[in-house]
Amino acid sequence: MWQWLYFLHWAPQQALGPDGHPRDARFLPPIPDRRRMFAGGRCTISEPLCLGEPAERVSSLAAVTAKQGRSGELLFVTERQEFRQNGRTCLVEEQDIVYRSGDSSAPRHHPATLDDTTVPMAQGPWQLRLRPDETLLFRFSALTANAHRIHYDTPYVRDLAASVA
């Protein structure tokens, strides 16, 4: 996943919105008081990207789907990134982002404690047991220039980032 760092864009501080994401990034829908949340993603590697070789990223909008949730209308946007070297597509990454208006009167329910009893099963020949915590999330977010408030602002998470199922 080194392409996240190779193609990293650090937006100037004054270009960030109140949630910590760039106010005017690519593929942003015209939603009032827009709130952005990561919904999922996929990555397909047809051949490895080689360090030290020139690479290019081609971004496109793969899908836009409107849905209705408990908190109101949601807009799911799939952004497709193709990473190429020597004229060949080596890696394709898709990220599903959900947008909604920040004004919501839906009831919010938060668990009192986090359920950490489930453990994912390894599907490959090796596995790395990792118990991410707030410090690791902060370090990863800093490394990838992800300044979204959900990564460091507990009151924001508790009071504003309600679930959207």
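Details of the structure are given in the entry above.
Read on for an overview of the structure. (Residues numbered from 1 in each chain as written. Predicted model: local features only at pLDDT ≥ 70, side-chain atom pairs only at ≥ 80, totals over all residues. Heavy atoms only, no water.)

Examined against the element boundaries, leucine 49 turns out to sit in the loop between strand 1 (34-45) and strand 2 (56-69). For leucine 49, a relative accessible area of 11% gives the class buried. Note: C-alpha distance between leucine 49 and glutamine 3 (46 residues apart in sequence) is 8.2 Å. Residue contacts for leucine 49: discarding those within four places in its chain leaves Trp2, Gln3, Phe83, Gln85, Cys90 and Leu91. (Helix = DSSP H or I, 4+ residues; strand = E, 2+ residues; numbered from the N terminus. Buried < 20%, exposed > 50% of the residue type's maximum accessible area, 1.4 Å probe, protein only. Contact = heavy atoms within 4.5 Å.)

Per the counting criterion, the structure on display carries six salt bridges. Here arginine 80 ties to glutamate 82 by a salt bridge, and the two come within 3.1 Å at their closest N and O atoms. With its nearest N and O atoms 2.6 Å apart, the salt bridge here joins arginine 84 to glutamate 82. The exposure class of arginine 84 is partly exposed, given its relative accessible area of 24%. (Salt bridge = Lys/Arg side-chain N within 4 Å of Asp/Glu carboxyl O.)

Our focus in this paragraph is the sheet that holds strand 4 (residues 88-101). Strand order across the open sheet formed by four strands is 1-4-3-2, with antiparallel pairing between neighbours. The sheet is open, and its two edges are formed by strand 1 and strand 2, each paired on a single side. On average, each strand axis in the sheet is inclined to that of its neighbour by 20°, with strand direction left out of account. Relative to strand 3 (residues 72-85), strand 2 is paired through 13 bridges, and the arrangement is antiparallel. Looking at the pairing, threonine 65 lines up with phenylalanine 76 of strand 3. (Pairing = 2+ DSSP bridges. Axes fitted to C-alpha atoms, helices over the stretch in contact; angles between N-to-C directions.)

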